[in-house]
Amino acid sequence: MKKILIPLLAFFLFACDKIESPVAEEYGKFDWSFFPGDPADYASNYYDIANPQNEWGENLNEKGILLEDYTGHLCTNCPEAGLIAKSIEEDSSLNVIVASIHASIDGGFQETDALFTNNYETEAGNEYVRGSEMNGFLGNPMGTINRNDGGLSNSVWYLKSQWVSGVNDENDNDSLNINIQIKSFNFSQTNGLYVHTETSVLNDLTGNYHLVLYLIRNDVISPQKFDQGIIDTNYHHHAILSDNINGTWGTQIINGAVLKDSVIYNDFSYQLPDPAIDLSYNVENLSIIAYVLNRDNMRILQVVNEELE
Amino acid sequence: MINKYYLLLFLLIWSLLIVEGQENPQAGIVSGNIQAIGQYYQEDTLINAALPEHLYGFNGFANVNYQKGNFRSGIRYESYLNTLEGYPTTFNGTGLGYRYMSWSGDGVGVTIGNFYDQFGSGMIFRAYEERQLGIDNALDGIRLTYEPTKGIYLKGMIGKQRYSFDDKLTNGNGIIRAIDGELNLNELLDSSNSWKLKATLGGSFVSKFNTDNNTTLFNMPKNVGATCFRMNLRYQKIRFSGEYVHKINDPYPDQDKNFNYIYKNGEGLLLNLGYSTKGFAIDFSAKHMDNMLWRSTNVNVGPTDLLIGYLPALTKQHTYNLAATLYPYATNFYGEIAYQLDVLYKIPKKTVLGGKYGTSVALNFATAYVPERDFVSDMGSSRNSYTTSLFSRSDSILFQDFNLEIKRKINKKVKLNLNYFNFVFNDDAVKVAGYYKMIYTQIAVLDLTYKINRYHSLRFETQAMWTDNDKGDWLFGQVEYTFSPHWYVAILDQYNSGNSDLNKRIHYGLISAGYINGSHRFSLQYGKQRAGVFCVGGVCRAVPASNGLTFSFTSSF
């Protein structure tokens, strides 16, 4: 009798699903604690994660070019490179998006002291210059143009003098195989940021593609070293990469073959640094850069940006 | 298709049994009952009366049972052509709504098909039918009972709940699995029946499995279980009963953000202490209920659909019209702390107060409060929403009912029944009156029966309600003439005398007559019926206003 009763009781007693994490994560590793309210309200008031197809209109974004300016506040040649980058960006016909990445092999130009108090290095930026996947970095200032391999010695790295021609070359190649749209919502009560993306496949693709999100501070005033020991303490640093929202290499969105007209939706949660501690993180000074990267050859297929509000 | 074959086979076997039973009484007993109500609706814009396009509504059913020895079988044929206004719209069409077979012997009982059952007070499990409310959550499955020895009663069942009726029975998707054990210590250990203490202990476990999940935002539990323990003790004139139920995370969608998909465990505790002796009884009940909505589905359904558990009402079931239908108690699914005190005293006859025949006095006080809840901001994580403690109540009252009933036989011809009611009704929480604020009201009832002679009697009933809230004061009057054993006729009027809108000071006149012959009863009713709420045991149904002719027939054999 016991042989029957014990399993029977065990079956009934344990036939329950105790849920430790009620909020589903299958639509992104959402941290709902950044949302000041019930996550159930997010769908009706902001974005319906469960039915993202209803959230997007036609994607009118044109092909973008990501110009990554690898710089440092102690690098005396870098301000000139910064000016070149900005001038290219201001040419609306090129649709260039600049990200200033403070990174170098040894971190010498990025060091801090009593005057240069801000450390603008990021884990991702250091990995890009120091890791094995983007070989050939010589020193600041250098840049990448959609991470194509038209740089020095067929690497992704361009000297500043090559940026204009590199961008023009990239601009001539106007094929667009993938496109991106971004929506974001931020909540000052928690400094929470939710980012939603729609990635549309415009032509059949095969490979390993990642979506990467940069958090950018558009304008930060802090010291910059120039030639002859001149230090401009009111220098406007432009488009500083401040963090990678979804990691150094982003989120894999395609692995293998994907057909034309496929649509991929991604959702991300992130807590912004408190602007009460660092004013440069005021949302009006922030934007997001999103790009799709072919991890097999490092090429960026499309890049877009969105200002936070 | 397979289900159809089973149904045909069932009907064939069953018809043969019935025919055999009718032709040969030795073969078994056939019994049954029927109820039919039809209503012809008329337009009445003054009271905003329901006027469906079909103009005539009809609800009817007939049970037919067959029994031979330990074998029992039955069906219920149901017709909703079209459903009476106010009944659940999920009742439609005509067909078989209930069928079962059962047999028992050697301490074992088996039921297959539909069945009703209840564990303890029903908090953990109650499959029942309340036709007036449109509730029918019969289980459709298999039930086994086993009595291994005298005093030990075991029960196990599995099945799906009746959800709707559309020319046939339709079950919900959820599966209910339930076991219950009861130990009667006296039967088990006290064979000589010498113990003064009578004790029964019981325990149940009920779980549901359902995949009705229309939200992808949350991880929904597919298996949810509830456990219950209960005891009944009686020592001479004192009795005590207690029941505790605990349910794990069982989130439901809800309009209230604080209760929308919350994963807090539910619990209920019901305690009752009573004393009774000749001419006097006192009974005290207490209830703590928190987050005990318990359905076999986790999606939005009608308020009385697919309920597994029943939340007992701690209030007196009133029968007088104004007290019963304007501001009746409705159990709060979110939770409540409730208390009830009942005192019955019969003033002895041939005393100054008691009179020649004695006087019965019944005092009842019931109150229900919102539990004290400390809300926590965890809707993005554990979603418990709040914490609460046993019998810790807030200041927010849901309902309070003080009522006094005095029954006295004045002389051989006159019987008097006086009632006083004092209600505090939080319609902001209960939301049955549509006023959504506190309602304070008093009602007085005088019910006088005059027996003209052995066969003829007259009954006068007058009621008055006073309130400054909602629709204001009401008056009610009824005269009923009975000439037994067959006939009765009654006329009544309800008047909303205190409505602040003079155009809504309406008379709701109604005339009814009936004929009773043995177990058969016919009745006709014509007139206006005001909108109200009909509740049984804290479960309510909104009744729309109507004007028209109603016919009803009940019979049993």
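The structure we're discussing is the one just above.
Residues numbered from 1 in each chain as written. Chains lettered and ligands numbered in written order. Predicted model: local features only at pLDDT ≥ 70, side-chain atom pairs only at ≥ 80, totals over all residues. Heavy atoms only, no water.

### Overview of the overall build of chain B
To be explicit about the condition: A run of H or I in DSSP counts as a helix once it spans at least four residues, and a run of E counts as a strand once it spans at least two, with each numbered from the N terminus. Put simply, the radius of gyration uses C-alpha atoms, and a globule should come to 2.2 Å times the residue count raised to 0.38. Whether a residue is buried, partly exposed or exposed follows from its accessible area with a 1.4 Å probe, protein chains only, as a fraction of its type maximum: under 20%, in between, or over 50%, in that order. Contact criterion: two residues are considered in contact whenever any of their non-hydrogen atoms come within 4.5 Å of each other.
Each helix and strand counted, chain B has four helices and 32 strands in total. Over its C-alpha trace chain B gives a radius of gyration of 25 Å, about what one expects of a compact globule, namely 24 Å for 557 residues. Summarising its shape, the C-alpha atoms of chain B cover approximately 70 × 60 × 55 Å along the three principal directions. By residue count, 48% of the 557 residues in chain B fall in the buried class. Nonlocal contacts in chain B, meaning residues at least 24 apart in sequence, comprise 59% of its contacts between residues at least 6 apart.

### What to know about the overall build of chain A
Put simply, the rule reads: Counted charges follow a simple rule, with Lys and Arg positive, Asp and Glu negative, and His plus the chain ends left uncounted. The atoms used to mark charge sites are NZ of Lys, CZ of Arg, CG of Asp and CD of Glu.
Along its length, chain A carries five helices and 14 strands. Counting only C-alpha atoms, chain A reaches 90 × 50 × 40 Å along its principal axes. Residues classed as buried in chain A amount to 53% of the 309 residues present. Contacts in chain A between residues at least 24 apart in sequence constitute 71% of all its contacts with a sequence separation of at least 6. Charged side chains of chain A number 15 positive and 44 negative; the gap between the two group centres comes to 10 Å.

### Thoughts on the interface of chain A and chain B
Rule in force here: When two components associate, each loses some accessible surface as probed by a 1.4 Å sphere; the sum of these losses over both components is called the buried area. In what follows, salt bridge is the name for a side-chain nitrogen of Lys or Arg lying within 4 Å of a carboxyl oxygen of Asp or Glu. Gly counts as polar in this scheme, as do all residues outside two lists: the nonpolar Ala, Val, Leu, Ile, Met, Phe, Trp, Tyr, Cys and Pro, and the charged Asp, Glu, Lys and Arg.
Between chain A and chain B, the contact holds 22 residues from the first and 26 residues from the second. Taking both partners together, chain A and chain B bury about 2100 Å²; carbon and sulfur atoms supply 60% of that area. At the junction of chain A with chain B, the criterion picks out two salt bridges. Salt-bridge contacts for Arg383 of chain B lead to Asp38 of chain A; the nearest nitrogen and oxygen are separated by 2.7 Å. Those elements that place two or more of their residues in the side of chain A that touches chain B are helix H1 (2-13) and helix H2 (39-45) of chain A. If you tally residues by element for the side of chain A that touches chain B, the top one is H1 of chain A, at four residues. Across the side of chain A that touches chain B, the residue classes break down as 15 nonpolar, two polar and five charged.

### Focus: the sheet that holds strand S5 (residues 178-187) of chain A
All names here are of chain A. Using the following cut-off: Here, a strand pair is defined by DSSP locating no fewer than two bridges between the strands. Interaxial angles span 0 to 180 degrees and are taken between N-to-C directions of axes, which are lines fitted to C-alpha atoms, for helices over the stretch in contact.
Reading across from one edge, S5-S6-S12 is the order of the three strands in this open sheet, with antiparallel pairing throughout. Each edge of the sheet is formed by a strand with only one pairing partner; in this case those strands are S5 and strand S12 (263-271). The sheet shows a mean angle of 15° between the axes of neighbouring strands, direction not considered.

### Here we look at the pairing of strand S15 (residues 238-247) of chain B
All names here are of chain B. With ten bridges joining them, strand S14 (residues 223-235) and S15 adopt antiparallel strand pairing. Looking across to S15, one finds that Met231 is bridged to Gly242. Between S14 and S15, which follow one another and run antiparallel, lie two residues, and Gln236 among them has a positive phi close to 50°. Two strands pair when backbone bridges link them, and S15 and strand S16 (residues 266-277) are joined in this way by ten bridges, in the antiparallel orientation. Considered in S16, the bridge of Arg239 is made with Gly274.

### Some remarks on helix H5 (residues 163-172) of chain A
All names here are of chain A. Heads up, the condition is: Of all possible arcs, the one meant is that of the directions from the helix axis to the C-beta atoms.
Within H5 the residues assigned to the buried category are Trp163, Gly166, Val167 and Glu170. Looking straight down H5, one finds its buried side chains confined to an arc of 95°; they lie on one side. Turned more than 90 degrees away from the buried face of H5 sit Asp169 and Asp172, all of them exposed. The elements touched by buried residues of H5 are strand S1 (65-71), helix H3 (78-90), strand S2 (96-102), strand S3 (142-145) and strand S4 (158-159).

### A few points about the pairing of strand S22 (residues 393-409) of chain B
All names here are of chain B. Summarising the sheet, strand S19 (residues 359-371) and S22 pair through twelve bridges and their orientation is antiparallel. Bridging across to S22, Val361 finds its partner in Ile406. Relative to strand S23 (residues 414-426), S22 runs antiparallel, the two being bridged by eleven bridges. For Arg408, the partnering residue across the bridge sits in S23 and is Leu416. Turn length for the S22-S23 hairpin, with the two strands adjacent in sequence and antiparallel, is four residues.

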